[in-house]
Amino acid sequence: MNKDSLKTGLLVLTHGDIGRSLIEVAEFILNQALEDVEVLSFQQSAMEETNDDEIGQAIKKADRGRGVLILTDVGGASPCNHATRFRCSEEVAVVSGLNLAMLIRAWSYRQHPPRELADLAIEGAIRDIKACRS
Amino acid sequence: MIEKEANIINKLGLHARAASKLVNCASSYSSAVWLKRGDREVNGKSIMGVLTLAASQGTTLLIRTDGKDEQEAMDGLQQLINERFGEGE
Amino acid sequence: MTLALTGHAVARGIAIGQCHLAERNELEIGEYRIEPGEVDQEIQRFRSALTSAREQLEHLAGQVSQDSGATASEIIQVHIQMLADSSIREAPEQGIREDLFNAEWALQTQLEKILAEFRHMTDEYIRSRGEDVVQVVRLVQRKLSEGSEGKEFSNIPDRLADTLVIAHELTPGELAGLHERGVAGVITEHGSPYSHTAILASSLGIPAVFGVRMAQSLIREGELLILDGRLGVVYANPDDAFINHYHDIQRITSGFRKSLENIRSLPSNSLDGEIIELQANAEREDELGLAVDIPADGIGLYRTEFLYLRGEAPNEETQLAEYSTALKRLSGLPLTIRTMDLGADKTNDALDFNLLRSSINPALGLRAIRLCLRDTNLFKTQLRAILRASAHGKVKCLIPMLTSVNEILMVKSLMQEAREELTLEGYPFDQSMLLGGMIEVPAAALAIEDLGQHLDFLSVGTNDLLQYALAADRVDEQVAHLLDPLHPGVVRLLQHIFNASDSLRIPVTVCGEMAGDRRYTRLLLALGLRSFSMHPGRILEVKQVVTETHIPRAAAALLHWLNLGNERHHTPLLRLLDQSQTSH
């Protein structure tokens, strides 16, 4: 298969249903379904105690042959710290501070490899954070 | 002091640009100009006032002019309104 | 990978280029109390800011009117006047003097008072003028904070050719500034398609899409964009297929426009020498103007509903003024005025149309002529106005949605009453004004022999005719596809109408959308139609087809198609008609 047509997979890892809700809003805004995006939700406390296996499985599922970018709402949670160790086709990158712009950005540029995609996602996320004046 | 009615006949009524021309016209005379719609009366030389009159097509306004050139002012305003503020609509 | 974002289509056109994200200079409005001794100084500062703002706008208005005519500079004029209004120019000074507010604070307070007033307005259009006030005040605030050099944007280069600017929002002045720099297209995250900025974009011809949420966050600086102003879509990082498609459209559009210009001077005759009448459907000033420029052979349909949708029902004088103005604009071209056709999808609270709402199927209910024959005062007022207008130019009267001969007789009787009244009152009118009927009800179409006896001319409203004949609501997207003008039943119906009119020797026109759709021109000609009325912007295209059609050949092909048995279902009529032109 031609390497260039492969896309980075996306895994949205959040507390509660934040991830799913954001995906729904993104689909509404873009007026299309977001393919290549896997979601994994955790109850409040469960994240800390998560089995590495569950995350490993999710990453495998998200993998489209060019590595995976994990987007998560809270950074510093231990599964994320370990995420880069997981096996998958290529590297795994993790970005925290998930917001709507980050999700849409990441999804629109997923022809980029994980590390680059992470930078693009962060850029989009930051641009959308500003004081709203009348 | 003269009082006379005028019918707003142009399609979009006293929308922003028409209001603008009305205010310009009213302001070119030294007389005071008042526009009344129902029980609401505004200064004809104030764009904010005229806009908030919200006079749509078909509305009848009472124009009052008061001062040295009150007749010219009344005539000028009547003409502007009847010619639909130059919009032809 | 192409990212497609949607917003409000604001100004048509296609723009392709690199994007530039406009960064607004954040405005820090400091609000503080001043010392009594500082009052005069503060008032001076305020007045300077006002002057500076006014000068900026006047400069812009001057430049804009040179390039793009009245509308653009009128919009900026409104802002200039707002600046001069006492509520902005004088009232804040009171706040400075009496409350010892600094200029910014006094101005802000006054702004809030003004906006509160606007919020009470029920008219949507007037209420959105509140936006203009906000924009004007913000300009002054910027002058106060940053002096006369204060700029709205921190990063707009001098030349914007082939560039599409993405901004959070834009004032008309800012848009005019971008236009001066040659911007190719404009996208905003926030902004209504009814705003002055939108109107300006349209009148300056800048393709624009407003209300594209998160555009600045989702699109990267310098990325290639395609803006489709008609659809209201922006494509970021489009792949080759998109780019080629839009380049083609741009090329075809400009080529097509050039070829149409050549048609303008030709007579609208078919190849076999028949003279075809091409009229316009128009009621707005710009449409009437366009009809005169093309030129159309006349106005085949002047709708009057707009007069009834403005609050109170229009009195005779108002209507007469409206019709007379239209006639003056037309300088001699005939005007066919259709009496009010309020019904199914155009309702209004002001008139007592509770009747409409309570009927289960408004399209089939009390509307148009049926309504008028119930409310004869309303109707006679309009008839009188139309008659009086006939003294100012060539006028014909058209009755919508005719069903029966009785209706026509009642109309004629009311018309006669109106004539007698006007004569007694001393008003002149055209004694021989023609009276026509719209054929849109299928039963009426099948009974032309009866109705036609009492009318001077006919006009076929194909939009509603198809709706009723195919029993499909054109507003319901689930069934709208059933409205096929090529349905054999529809073709036969039209054939009947034209044949019957021909036998009775009364002129017939088609004024529905079909008349302005060049795909069906040949079909209508083949069916026997010799008079069309359409949106003026379509006349040249339709004329082009007329001048390339040999009608007898097309008619023969049509007859052949109608006589086909089972094969008809598989034989595309339009292709048959086109082929008939080249082979003989």
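Bear in mind that the values here come from a model prediction, so they are computed numbers and not experimental data.

Caption draft 1: The overall build of chain A, seen in detail. Regarding its fold elements, chain A presents 6 helices and 4 strands. Going from the N terminus to the C terminus, chain A shows its helices and strands as β-α-β-α-α-β-α-β-α-α. Going through the 134 residues of chain A one by one, you find that 40% of them count as buried. Across chain A, every contact between residues at least 6 apart in sequence was considered, and the portion connecting residues at least 24 apart equals 68%.

Caption draft 2: Spotlight on the sheet that holds strand β6 (residues 208-210) of chain C. Residues and elements named next belong to chain C. Strands sit in the order β1-β8-β7-β3-β4-β5-β6-β2 across an open sheet of 8 strands; the sheet is mixed. Both outer strands of the open sheet, β1 (3-6) and β2 (8-11), are each paired with one neighbouring strand and no more. Recorded for the sheet is a direction-independent mean angle of 30° between the axes of neighbouring strands. The pairing of strand β7 (residues 224-228) with strand β8 (residues 233-236) spans 4 bridges and is antiparallel. Within the sheet, the bridge partner assigned to Ile 226 lies in β8 and is Tyr 235. Those strands touched by helix α8 (residues 196-204) are β2, β5 (185-188) and β6, and its axis lies near 50° from that of β2.

Caption draft 3: Spatial organisation of the nonpolar core. Ranked by size, the top nonpolar core spans 129 residues in total, and within it Leu71(A), Leu103(A) and Val186(C) carry the most contacts. Built from parts of two domains, this core gets at least three residues from each of domain 1 (3-19 + 163-240) and domain 2 (36-146) of chain C. The contact partners of Leu71(A), leaving out residues within four places of it in the chain, are Leu10(A), Val12(A), Val95(A), Leu98(A), Met102(A), Leu103(A), Ala106(A) and Ala121(A). Core analysis: the second largest hydrophobic core is formed by 85 residues, Leu402(C), Ile448(C), Met514(C) and Ile551(C) among them.

Caption draft 4: Fine view of the interface of chain A and chain C. Contacts between chain A and chain C engage 10 residues on the former and 8 residues on the latter. Elements with a minimum of two residues in the side of chain A that touches chain C: α5 (100-108) and α6 (114-127) of chain A. Element by element, the count of residues in the side of chain A that touches chain C is highest for α5(A), at 4 residues. Tallied by class, residues from the side of chain A that touches chain C come to 3 nonpolar, 4 polar and 3 charged.

Caption draft 5: Seen up close, the confidence of the model for chain A. Per-residue confidence for chain A gives a mean pLDDT of 82, with 78% of residues at or over 70. Across chain A, the element-wise mean pLDDT spans from 56 in helix α2 (residues 46-49) of chain A up to 93 in α5(A).

Caption draft 6: Geometry of the interface of chain B and chain C. Taken residue by residue, the interface counts 22 residues in chain B and 29 residues in chain C. Elements that contribute at least two residues to the side of chain B that touches chain C include exactly α1 (16-27) and α2 (47-52) of chain B. Looking at the side of chain B that touches chain C residue by residue, the classes come out as 7 nonpolar, 10 polar and 5 charged.

Caption draft 7: Spotlight on the sheet that holds strand β1 (residues 9-15) of chain A. Residues and elements named next belong to chain A. Across the sheet, which stays open at both edges, the 4 strands sit in the order β2-β1-β3-β4 with parallel pairing between neighbours. For this open sheet the edge positions go to β2 (37-42) and β4 (92-96), each flanked by a neighbour on one side alone. Pairs of neighbouring strands in the sheet enclose a mean axial angle of 20°, with direction left out of account. Where β1 meets β2, 6 bridges bridge the pair, whose relative direction is parallel. Pairing of Thr 14 across the sheet is with Ser 41, part of β2.

Caption draft 8: Main features of unusual backbone geometry. Residue Ile294(C) is joined to Pro295(C) through a cis peptide bond whose omega torsion reads -5°. Tracing the backbone shows Pro295(C) in the loop between α11 (285-293) and β10 (299-302). Even without being a glycine, Asp36(A) presents a positive backbone phi close to 65°. Its location among the elements puts Asp36(A) in the loop between α1 (18-30) and β2. Overall, Asp36(A) belongs to the partly exposed group, with 15 C-beta atoms counted inside 10 Å.

Caption draft 9: Expanded view of helix α21 (residues 488-504) of chain C. With 17 residues, α21(C) should reach 24 Å at 1.5 Å per residue; the first-to-last C-alpha distance of 24 Å fits that figure. Of the residues trailing α21(C), Arg505(C) is marked for its positive phi of about 60°.

Caption draft 10: Up close: the packing of helix α4 (residues 103-119) of chain C against helix α6 (residues 129-146) of chain C. Residues and elements named next belong to chain C. Close contact between α4 and α6 brings their axes to 10 Å; oriented N to C, the two are set at 180°. When the axis of α4 is compared with that of α6, the two are roughly antiparallel. Where α4 abuts α6, its residues Ala 103, Glu 104, Leu 107, Leu 111, Ile 114, Leu 115 and Phe 118 lie against Arg 129, Gly 130, Val 133, Val 137, Val 140, Gln 141 and Leu 144. By residue class, the composition of the contact of α4 with α6 is 10 nonpolar, 2 polar and 2 charged.

Caption draft 11: Examining helix α24 (residues 551-562) of chain C more closely. All names here are of chain C. The terminal C-alpha atoms of α24, which comprises 12 residues, lie 16 Å apart, in line with the 16 Å expected from a rise of 1.5 Å per residue. Every buried residue of α24 is accounted for by Ile 551, Arg 553, Ala 554, Ala 557, Leu 558 and Trp 561. Viewed end-on, α24 has its buried residues packed into an arc of 160°, placing them on one side of the element. Buried residues belonging to α24 abut α22 (521-527) and α25 (573-582).

Reading the values: rules and limits
Residues numbered from 1 in each chain as written. Chains lettered and ligands numbered in written order. Predicted model: local features only at pLDDT ≥ 70, side-chain atom pairs only at ≥ 80, totals over all residues. Helix = DSSP H or I, 4+ residues; strand = E, 2+ residues; numbered from the N terminus. Buried ≥ 20, exposed ≤ 12 C-beta atoms within 10 Å, placed from the backbone. Contact = placed C-beta atoms within 7 Å. Pairing = 2+ DSSP bridges. Axes fitted to C-alpha atoms, helices over the stretch in contact; angles between N-to-C directions. Core = buried A, V, L, I, M, F, W, Y, C linked by C-beta atoms within 7 Å. Domains from an automatic or database assignment. Nonpolar A, V, L, I, M, F, W, Y, C, P; charged D, E, K, R; others polar. pLDDT = per-residue confidence, 0-100. Expected span 1.5 Å × (residues − 1). Parallel < 35°, antiparallel > 145°, perpendicular 65-115°, else oblique. Arc of directions from axis to C-beta.

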